[in-house]
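Each chain, written out:
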Amino acid sequence: MDILKISEDHVKNLFKDRLSSVYTYHNLDHTIQVVDKIKILAKEENVSLEDTEDLLLAGWFHDLGYIDDSENHEEESRKMAEEFLRKHQYDEARIAKIGKLILATDKFYKPTDHLENIIKDADLYHLASDDYFNVCENLRLEIKEVHHQKFSKLQWAELNTAFFAKHQFYTKFARENWQPIKEKNTEKIFAKIKDLKEDKKEKSSQDKDKALLNKKKLEKLESPERGIETMFRVTLNNHTKLSQIADSKANILLSVNAIIISVALSTLIPKLDAPSNSHLIVPTFVMIMSSVACIILAIMSTRPKVSSGTFTRKEIEEKKVNLLFFGNFYKMPMEEYLWAMKEMMADRQYLYDTMIKDLYYLGIVLNRKYKLLRLTYTVFTIGIIVSVVAFVVAFRHVTV
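Everything numeric here is computed off the predicted structure, so don't read it as measured data.

J.: Even after reading the chapter, I still don't get the overall build of the chain, so can you show me in this structure?
T.: Looking only at helices and strands, the chain features 15 helices and zero strands. The C-alpha atoms of the chain give a radius of gyration of 29 Å, which is well past the 21 Å a tight globule of 400 residues would have. Projected onto its principal axes, the C-alpha positions of the chain cover 100 × 70 × 35 Å. Evaluated residue by residue, the chain yields a buried proportion of 38% over its 400 residues. Across the chain, the fraction of contacts at a sequence separation of at least 24, relative to all contacts at a separation of at least 6, is 69%. When the accessible surface of the chain is summed, it comes to about 24,300 Å², and 58% of that surface belongs to carbon and sulfur atoms. Side-chain charges in the chain split into 59 positive and 58 negative, and the spacing between the mean points of these groups amounts to 5 Å.

J.: How should I be thinking about the UniProt feature "transmembrane region" (unreviewed entry) in the chain in this particular structure?
T.: Sequence positions flagged by UniProt for "transmembrane region" (unreviewed entry) are, in local numbering, residues 250-269, 281-300 and 375-395. Secondary structure across residues 281-300 comprises 100% helix and 0% strand; the distance between its end C-alpha atoms is 29 Å. Each end of residues 375-395 is marked by a C-alpha atom, and these two atoms are 30 Å apart; helix forms 100% of the span and strand 0%.

J.: How do you make sense of the environment of Phe 15 when you look at a structure like this?
T.: With respect to the element layout, Phe 15 can be found in helix α1 (residues 3-18). Residue classification places Phe 15 among the buried residues on the basis of a relative accessible area of 5%. Separated by 50 residues in sequence, Phe 15 and Gly 65 place their C-alpha atoms 10.0 Å apart. In this view, Phe 15 contacts Asn 27, Leu 28, Thr 31, Asp 63, Leu 64 and Ile 67; residues no more than four positions away in its chain are not counted.

J.: Please explain the side chain of Ser 7 as it appears in this structure.
T.: Residue position: Ser 7 is located in helix α1. On the basis of relative accessible area, Ser 7 is assigned to the buried category, the value being 0%. Aside from chain neighbours lying at most four places away, what touches Ser 7 is Leu 57, Phe 61, Phe 84 and Leu 85.

J.: Teacher, can you tell me more about the pattern of salt bridges here?
T.: For side chains bearing opposite charge, pairing can occur when the charged atoms are close. Applying the stated criterion across every chain yields a total of 17 salt bridges. The partner of Asp 54 in a salt bridge is Arg 94, and the shortest N-O contact between them spans 3.0 Å. Of this pair, Asp 54 sits in helix α3 (residues 49-61) while Arg 94 is found in helix α5 (residues 92-103), placing the two residues 40 residues apart along the sequence. With respect to burial, Asp 54 and Arg 94 carry one shared label: buried. In this structure, Lys 97 engages Asp 54 in a salt bridge whose closest nitrogen and oxygen atoms are separated by 2.9 Å.

J.: Explanation requested: helix α2 (residues 28-44) in the structure shown.
T.: Given 3.6 residues per helical turn, the α-helix brings residues three or four places apart onto the same face. Compared with an ideal rise of 1.5 Å per residue, which puts 17 residues at 24 Å, α2 spans 25 Å between its outermost C-alpha atoms and is within 8% of the ideal. The inward-facing, buried residues of α2 contact α1, α3, α6 (114-123) and α9 (172-177). Capping the start of α2 is the job of one residue whose side-chain oxygen sits 3.2 Å from the backbone nitrogen of Asp 29: Asn 27.

J.: Could you clarify how one ought to interpret a negative patch on the surface in this entry?
T.: The grouping of Asp 195, Glu 198, Asp 199 and Glu 202 at the surface amounts to a negative patch. Secondary-structure assignment places Asp 195 in helix α10 (residues 179-204). Judged by its relative accessible area of 44%, Asp 195 is partly exposed.

J.: Looking at this structure, how should I read a nonpolar patch on the surface?
T.: A cluster of nonpolar side chains, contributed by Tyr 360, Tyr 361 and Ile 364, occupies part of the molecular surface with about 350 Å² of accessible area. Tracing the sequence through the fold places Tyr 361 in helix α15 (residues 348-399).

J.: Even after reading the chapter, I still don't get α3, so can you show me in this structure?
T.: With 13 residues, α3 extends 19 Å from end C-alpha to end C-alpha; this agrees with the ideal 18 Å at 1.5 Å per step. For α3, the full list of buried residues reads Thr 52, Asp 54, Leu 55, Leu 56, Leu 57, Ala 58, Gly 59, Trp 60 and Phe 61.

J.: Is there a simple way to explain the packing of aromatic side chains in this structure?
T.: Any two aromatic rings considered together are summarised by their centre-to-centre distance and by the angle between their planes. A complete count under the given rule lists eight aromatic pairs for this structure. Measuring from centroid to centroid gives 5.7 Å for Phe 151 and Trp 156, while their planes differ by 40°, and the two rings are tilted. Taking relative accessible area as the criterion, Trp 156 reaches 11% and is therefore assigned buried. The ring of Trp 339 carries the charged tip of Arg 313 above its face, separated from the ring centre by 4.1 Å.

J.: I would appreciate a short explanation of unusual backbone geometry in the present structure.
T.: Leaving glycine out, the prevailing phi sign among residues is negative, and the prevailing peptide bond configuration is trans. Phi is positive for Asn 46, which is not a glycine, with a value near 55°. With respect to the helices and strands, the residue Asn 46 is situated in the loop between α2 and α3. Relative accessible area serves as the criterion here: at 70%, Asn 46 is assigned to the exposed category. Non-glycine residue His 148 carries a positive phi angle of around 60°. Positionally, His 148 belongs in the loop between α7 (132-147) and α8 (153-166). We classify His 148 as exposed; its relative accessible area is 67%.

Basis of the calculations
Residues numbered from 1 in each chain as written. Predicted model: local features only at pLDDT ≥ 70, side-chain atom pairs only at ≥ 80, totals over all residues. Heavy atoms only, no water. Helix = DSSP H or I, 4+ residues; strand = E, 2+ residues; numbered from the N terminus. Rg over C-alpha atoms; globule rule 2.2 N^0.38 Å. Buried < 20%, exposed > 50% of the residue type's maximum accessible area, 1.4 Å probe, protein only. Contact = heavy atoms within 4.5 Å. Areas by Shrake-Rupley, 256 points an atom, 1.4 Å probe, with all protein chains shown as cover. Lys, Arg positive; Asp, Glu negative; His and termini not counted. Charge placed at Lys NZ, Arg CZ, Asp CG, Glu CD. UniProt positions renumbered as here; feature names shortened; annotations may be inferred. Salt bridge = Lys/Arg side-chain N within 4 Å of Asp/Glu carboxyl O. Expected span 1.5 Å × (residues − 1). Polar contact = N/O pair within 3.5 Å; in protein donor to acceptor, adjacent residues only side chain to side chain. Patch = residues over 30% accessible without salt bridge, like charges linked within 9 Å, V, L, I, M, F, W, Y side chains within 5 Å. Phe/Tyr/Trp six-rings, centres within 6.5 Å; stacked < 30°, edge-to-face > 60°. Lys NZ or Arg CZ within 6 Å of the ring centre and 35° of its normal.

Below you can see the structure in the form of structure tokens.
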């Protein structure tokens, strides 16, 4: 049993299906990066194979708690790891060690041994990343959306310098190879703070009353816009994930029923010609028909629907076309589509109406998918039960 592969698949599926899209930093990408850095540090620090496996398991699970509790995610992650590993009969002593390693990723925790040093350095590798500022911006956005804390660019840069000053790498490899890059990032942050302070000083020289008035007007205009954009983004992501989940479930049913039909055709049906097996005809027929019905319903749930792909200028002027759905424009010339998009973007009401309609029709499609999927599962369940009962009755009849 490859516990690392099983754990990796388990964590990836949970992040994909259950983690909110507002977590722009503590997500699957961050977890994969931490696991990759653990592999590097474990090799460079001459860690044993057993300890390396424990470190990697802790790396995969260390942020999984965010799907349930962002405030106490380390403890939630430890519980989820222990439950999963016990289910797979992992050694209890190693489970306890993995739980301790997960708790060591708390930002205020001071590591006490070599393995904790490694997972601590891997978790905060982004401080020495060439892509640090993009990663840092994702963290700022997550804090804003999850904890409702908003920081200006200057405030955020100053908070980063304070964190950099307190932070240290613990492993020899990280100190020798990552620390120099971290110091360069520190210099870049100080330069950014200097530029931001100069900009702030120039702005403060303007009329304060006028600046305050403009700021209030800007906040009134921008705050609702940002909230609306966030709402559309989160809702669209949720719709997309639900659609992917439905398609995945339909594929599972297709595969299972295709296997059932294949087995029936290759093993049962060739034997039905024999008089001694005539009692199996009805149960076999019931089983195959229920599988065929499930396959048809599963195909219907995933069957795409495409529109005509054309529109007229009159329809655009009357605001009747949803330009966000490819099925309404894929046959149109590029020039016409560009014109139509510019018309829509120039009209805020038309733009918002289109986005709302797009979400609505996505919901209609999802409703159809899940209704058909529910019917498919019902048919599958009833078909299995009836088939089993039919086989039992057939064999009892022969026995009697």
